[in-house]
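Reading the structure
Here's the letter readout for the chains.
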Amino acid sequence: MPAILNYLLHLATAVAMVMAFFVIYTRLTPFNEVALIRGGNHAAALSLGGALIGFALTITSALLHTRDYYQFLEWAAGAMLVQVLAFNIATRLLKMSKDQIEADNSAFGGLLGAISVSIGLVNAGALS
């Protein structure tokens, strides 16, 4: 396959994976991030932003360290699962994420975002 087509295929797939992660993640969380963010909720923006960055870091690592397109897809799907599981575990351990996010506790949103970025970095490192 010509290099430009290979690039476009990987780029389109990576963008589609981030979009799929966004949809899956926002449907699995106990609050409506998009509605909260539209209302000016900083905590929801920090939490969701961290989750997106954490997943994008893992996708970047998968792009850099896999040999072919199908291997990239497999690792990206696995990374998505890890990111969603990490959020579920963190929110269960913290026991109050829904109330804190909906109350616009930016410190709590920042913590959830930082947890997501941290998991993404570790996940990305494990792929390399």
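Located above this text is the structure these notes cover.
Summary of the structure given here. (Residues numbered from 1 in each chain as written. Predicted model: local features only at pLDDT ≥ 70, side-chain atom pairs only at ≥ 80, totals over all residues. Heavy atoms only, no water.)

Summed over all chains, the structure comprises 1 cavity of 30 Å³ or more. Estimated volume of the largest cavity: approximately 50 Å³. Around the largest cavity sit Q83, A86, F87, A90, L112, I115, S116 and I119, which together line it. (1 Å grid on protein atoms, 1.4 Å probe; cavity = no way out; pocket = protein on both sides within 12 Å on 5 of 7 lines; lining within 4 Å. Points joined across faces, edges and corners; volume = space filled by probe spheres on them.)

Moving on: the packing of aromatic side chains. Under the definition given, this model contains 4 aromatic pairs. Centre to centre, the rings of F21 and F55 are 4.5 Å apart; their planes meet at 10°, and the pair counts as stacked. Here F21, found in helix 1 (residues 3–28), pairs with F55, found in helix 3 (residues 42–65); they are 34 residues apart in sequence, far enough to count as distant. F21 sits in the buried class, given a relative accessible area of 0%. (Phe/Tyr/Trp six-rings, centres within 6.5 Å; stacked < 30°, edge-to-face > 60°. Helix = DSSP H or I, 4+ residues; strand = E, 2+ residues; numbered from the N terminus. Buried < 20%, exposed > 50% of the residue type's maximum accessible area, 1.4 Å probe, protein only.)

A few words now on the pattern of salt bridges. Within this structure, the stated rule accounts for 1 salt bridge. Among the salt bridges present, the one from K98 reaches E102, with a minimum N-O distance of 2.9 Å. A residue pair is termed a helical-turn pair when its members lie 3 or 4 positions apart in one helix, as K98 and E102 do in helix 5 (residues 97–102) at 4 residues. (Salt bridge = Lys/Arg side-chain N within 4 Å of Asp/Glu carboxyl O.)

Take helix 4 (residues 69–94) next. Between the first and last C-alpha of helix 4 there are 37 Å, a value that for 26 residues agrees with the 38 Å anticipated at 1.5 Å per step. The complete set of buried residues in helix 4 reads Y69, Q71, F72, A76, A79, M80, Q83, V84, A86, F87, A90 and T91. A side-chain oxygen of the first residue of helix 4 lies 3.1 Å from the backbone nitrogen of Y70; this N-cap is D68. Phi turns positive, to about 60°, at K95, one or two residues after helix 4. (Expected span 1.5 Å × (residues − 1). Polar contact = N/O pair within 3.5 Å; in protein donor to acceptor, adjacent residues only side chain to side chain.)

Another aspect to go through is helix 1. Residues spaced three or four apart along an α-helix point in a common direction, a consequence of the helix completing one turn every 3.6 residues. Taking 1.5 Å per residue, 26 residues should reach 38 Å; helix 1 reaches 37 Å between its end C-alpha atoms and fits that length. Taken together, the buried positions of helix 1 are occupied by H10, T13, A14, M17, F21, Y25 and T26. On its buried face, helix 1 is in contact with helix 2 (33–38), helix 3, helix 4 and helix 6 (106–127). (Contact = heavy atoms within 4.5 Å.)

Moving on, we get to the nonpolar core. Counting residues in each nonpolar core, the largest one holds 23 residues, and the members touching the most others are M17, F21, Y25, F55, I59, F72 and I101. At the level of elements, helix 1, helix 3, helix 4 and helix 6 are the ones that each hand at least two residues to this core. Residue contributions to this core peak at 7 residues, all from helix 3. (Core = buried A, V, L, I, M, F, W, Y, C linked by side-chain atoms within 4.5 Å.)

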